[in-house]
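Observations on the three-dimensional arrangement
Below are the chains, spelled out letter by letter.
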Amino acid sequence: MKPFTTYLAHIAADGREQTICDHLAGAARLAQNFAQSFQADDQGELVGGMHDVGKYSQEFQKRIHGDSHRVDHATAGAFECYQRGQPFAAFAIAGHHGGLPDGGAQTDCADAATFYGRMKRAMQGKLPVYDTWKSEINPPQAHIPDFTRKGLAEGMFFTRMLYSCLVDADYLDTEAFMTGNTRSSDRCASIEQLWDRLCAYTASWFPPVREINRQRCAILERCIKEGENRSRGLFSLTVPTGGGKTIASLAFALSHARQHGLDRVIYVIPYTSIIEQTAAVFRQVLGSENVLEHHSNVLYDLEGEADTQNIHLAQATENWDMPVVVTTAVQFFESLYACRSSQCRKLHNIANSVVIFDEAQMMPVPYLRPCVHAIAQLVAHYRVSAVLCTATQPALQPIFQEFLPDHPITELCPQSTCEWEIFHRVTFAQAGGLEWSALANRLNGHKQVLCIVNTRKGAQELFTRLAGDGCFHLSTLMHPAHRRAQLTEIRNRLITGRTCRVVSTSLIEAGVDVDFPAVYREIAGLDSILQAAGRCNREGKRDAKDSVVTIFQSEERTPPLFSKSIGAGQEVMQKYEDLMSREAIHDYFCRLLDLTGTDAQDKQKILHRIQTEFFPFRSIARDFHLIDNQTNTIYIPVGDGEGLIARLLSGEHSRNLFRQLGQYGVSVYQQHFEALDEAGALEIVSDGTAILRDLSLYSEQTGLSLELDFGKGLFI
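These numbers come from a predicted model, not from an experiment.

A look at the overall build of the protein
Per the secondary structure count, the protein includes 27 helices and 23 strands. Taking 716 residues into account, the globule formula puts the C-alpha radius of gyration at 27 Å, and the protein, at 27 Å, falls close to it. Expressed along its principal axes, the backbone C-alpha trace of the protein runs to roughly 90 × 65 × 50 Å. Classification of the 716 residues of the protein by burial places 57% in the buried group. Taking the intrachain contacts of the protein between residues at least 6 apart in sequence as the baseline, contacts between residues at least 24 apart amount to 75%. Put simply, the protein shows about 29,200 Å² of open surface, and 48% of that area lies on carbon and sulfur atoms.

In structure tokens form, the structure reads like this:
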């Protein structure tokens, strides 16, 4: 076979050919534009223009023409950049197909999968010859940002952001060639147009006619003014429950983005139930074509006759190229510590944005310091304004001061903005210890009441003791579609004044829009108690003295998981008369962080490894998981889930199918999964997917039962 003289990067299905030179030029332009958002455009041009020089080998050209032998083409471009003193570009290029590698050590052998191992392989001449690139490509001289010299942590974060620019540019240029179409960038409204829509939406609020509306409007106007007047930085937005936090935070974000030329607004929210509510509000205000809702429970179906908007939204989940993105804390933070292109591709679009961390107190303590470190990096070096938004503001100033000493947290809504007492719509009462039966008797005496307990077992135990029609149970032992249907019925009953007694775990607390005249809360941390209080007299239509939040101790032993938060909460409740005051809340979080200790705020030692090891991308990605992964999902064949499971059993294993199945999945701990399996209640298919076959174990009232005939499972 004659040597190839035309060097190709891609061949389309219709026979069209794209040269390596053309692909590198296209990727370089895109990556340069992406990296410009954090002043690294020449670094973007470098990685885009050098990532595929390894394709200039005869071995790769044989592969692209049909040879089946695998060819490592990524190490070549990485090696060329490494030799030119460009370590960040070298890492990004090395990982652009298989994911960012661990750095390793200079003593690594040439067979090692680490970055050093691959560089040693290149030094020893073990790569296919690719020298022809030098006659076609002229790599730019790329400036290395000064801040990357501060330490390994800064360099590692920068590498991941640069990697994001590269993989998105590579995908987009390849996609444009293969399909013959370039993605349109003008489908969405501009920030200015979104601002106009928000102003039109809120125009009817003025002049406010009720006292509580006057306070909400004062908060809104303050947020707009702060957005216009404040420089980019780190902010808190402490708004009492019922103060219009969702629209006020959006007003700040759009006002601030207009003022500083920022590209988008990203909302990071702990629970999918809150995301669905928030995204629905934003779609109503801004138009559905401008809002991307990205989490495990949303699906943009591209099968069959997919419409243009669904295609647009599905594509946007890959790289967040939308003006408003609503996503989960899991999606956001795990992507910032990921090593794979599929997760990292969107990261460059976080730069030059306003990022709102809604219900900021929900950041998980075991990963608190790595999360704060990531926010600090974005604010310090990537033109991000970050807002910690909640009614119960966590005391994070000392941790931020450690990572971001030049950016104190600025409160957007100081107490002088509004009269907080107006939002004090409940009275707290202490009931002491209550057995389940005594508690149930109290609940049965209310026409409408919510009771929140600490464990799933407790929720099921208490629910069985409720009497009459209109009793509901909510917990994660119910699949998401089931919970959503229950919440819809609960809201309808509350609005129409019908009987509605609800027992729930804490999943109902943060942001779920329900309004009960009375709430009972099992003893918990002060933040949980105040969040529970936010479900009582939410609209302020009743007197505070008639809207009682009762705190009680159940007969169940307190799970160790809650002991520190309960201890800190009890100390603060004894000290402060007004539990909703900012002083009480601040004191609580200070005590809680003191009780947990610094080590417990980074249980996987993520930051220590980042600061002492050479770019451990892969091992960090493996260990950084906000949600305990020691669970197994069981799919429930009820409702639409039955048809979805039938498709699975027929052999379909598409990503779309599993995302739809997620609406019918229940996660259980390993010991409970094994007990159900041993009892013959499950069918395990070939890929390990579990299906509940004993449907007597799934109740329309309480969801999945973990109590089997041969014994009772312990569960929280």
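Thoughts on the pairing of strand S16 (residues 631-635)
Both S16 and strand S17 (residues 665-669) contribute to a ladder of 5 bridges, which runs antiparallel. In the strand pairing of S17, Ile634 is matched with Val666. Where S16 lies against strand S19 (residues 690-692), 2 bridges are found, and the strand directions are parallel. Looking at S19, one finds that Ile634 is bridged to Ala690.

Focus: the nonpolar core
In this structure, Phe332, Phe333, Leu336 and Ile350 are the most contacted members of the largest nonpolar core, which totals 98 residues. Top contributing element to this core by residue count: helix H7 (residues 152-179), with 12 residues. With residues up to four places along the chain from it excluded, the contact list for Ile350 reads Ile266, Trp320, Phe332, Leu336, Val355, Leu378 and Val384. Ala395, Met478, Met573 and Val668 belong to the second-largest nonpolar core, a separate cluster that totals 54 residues.

Quick word on the confidence of the model for the protein
In this model, the protein carries a mean pLDDT of 90, and residues with pLDDT of at least 70 account for 94%. Low confidence marks residues 299-308, where pLDDT is under 50. Its contacts with residues over four positions away, or in another chain, come to 21 contacts. Segment residues 709-716: pLDDT under 50, and 19 contacts once partners within four positions in sequence are set aside and those in other chains are kept.

Quick notes on the sheet that holds strand S4 (residues 264-269)
One open sheet holds the 7 strands; their spatial order is S5-S6-S4-S7-S8-S3-S9, and the pairing between them is parallel. For this open sheet the edge positions go to strand S5 (291-294) and strand S9 (410-411), each flanked by a neighbour on one side alone. Pairing between S4 and strand S6 (residues 324-328): 5 bridges, direction parallel. Looking across to S6, one finds that Val268 is bridged to Thr327. The strands that helix H13 (residues 329-336) touches are S4, S5, S6 and strand S7 (353-358); relative to S6, the one it contacts most, it runs at about 90°.

Regarding the sheet that holds strand S12 (residues 471-474)
If you walk across this open sheet you meet the 6 strands as S10-S15-S14-S11-S13-S12, and the pairing is parallel. Edge positions in the sheet fall to strand S10 (427-433) and S12, since each of these pairs with one other strand and no more. Each strand axis lies, on average, 15° off the axis of its neighbour in the sheet, ignoring direction. Of the pairings in the sheet, the one linking S10 to strand S15 (residues 548-553) comprises 6 bridges and is parallel in character. Along S15, the bridge assignment pairs Ala429 with Thr550.

Some words on the side chain of Arg369
Checked against the element boundaries, Arg369 lands in helix H15 (residues 368-381). With relative accessibility at 12%, the residue Arg369 sits in the buried group. A distance of 2.6 Å separates the side chain of Arg369 from the side chain of Glu402, its partner in a polar contact.

Regarding helix H4 (residues 74-83)
Extensive coverage of H4 is indicated by the burial of 8 of its 10 residues. By the burial criterion, the buried members of H4 are Ala74, Thr75, Ala76, Gly77, Ala78, Phe79, Glu80 and Cys81. Of the surrounding secondary structure, the elements contacted by the buried residues of H4 are helix H2 (41-50), helix H5 (87-94) and helix H6 (115-123). Residue Gly85 follows H4 closely and has a positive phi angle near 70°.

Remarks on a negative patch on the surface
A grouping of Glu419, Glu421, Glu577, Asp578 and Glu583 is seen on the molecular surface, where their side chains present a negatively charged patch. Summarising the element assignment, Glu419 is placed in the loop between S9 and S10. Its relative accessible area of 44% is what places Glu419 among the partly exposed residues.

Some details on unusual backbone geometry
The omega angle of the peptide bond from Phe206 to Pro207 is -10°, so this bond is cis rather than trans. Looking at the element boundaries, Pro207 is found in the loop between helix H8 (191-202) and helix H9 (211-229). For Gln39, which is not glycine, the phi dihedral falls at a positive 55°. Relative to the assigned elements, Gln39 resides in the loop between helix H1 (20-35) and H2.

What counts and what doesn't
- Residues numbered from 1 in each chain as written.
- Predicted model: local features only at pLDDT ≥ 70, side-chain atom pairs only at ≥ 80, totals over all residues.
- Heavy atoms only, no water.
- Helix = DSSP H or I, 4+ residues; strand = E, 2+ residues; numbered from the N terminus.
- Rg over C-alpha atoms; globule rule 2.2 N^0.38 Å.
- Buried < 20%, exposed > 50% of the residue type's maximum accessible area, 1.4 Å probe, protein only.
- Contact = heavy atoms within 4.5 Å.
- Areas by Shrake-Rupley, 256 points an atom, 1.4 Å probe, with all protein chains shown as cover.
- Pairing = 2+ DSSP bridges.
- Core = buried A, V, L, I, M, F, W, Y, C linked by side-chain atoms within 4.5 Å.
- pLDDT = per-residue confidence, 0-100.
- Axes fitted to C-alpha atoms, helices over the stretch in contact; angles between N-to-C directions.
- Polar contact = N/O pair within 3.5 Å; in protein donor to acceptor, adjacent residues only side chain to side chain.
- Patch = residues over 30% accessible without salt bridge, like charges linked within 9 Å, V, L, I, M, F, W, Y side chains within 5 Å.
- Salt bridge = Lys/Arg side-chain N within 4 Å of Asp/Glu carboxyl O.
- Lys, Arg positive; Asp, Glu negative; His and termini not counted.
- Charge placed at Lys NZ, Arg CZ, Asp CG, Glu CD.

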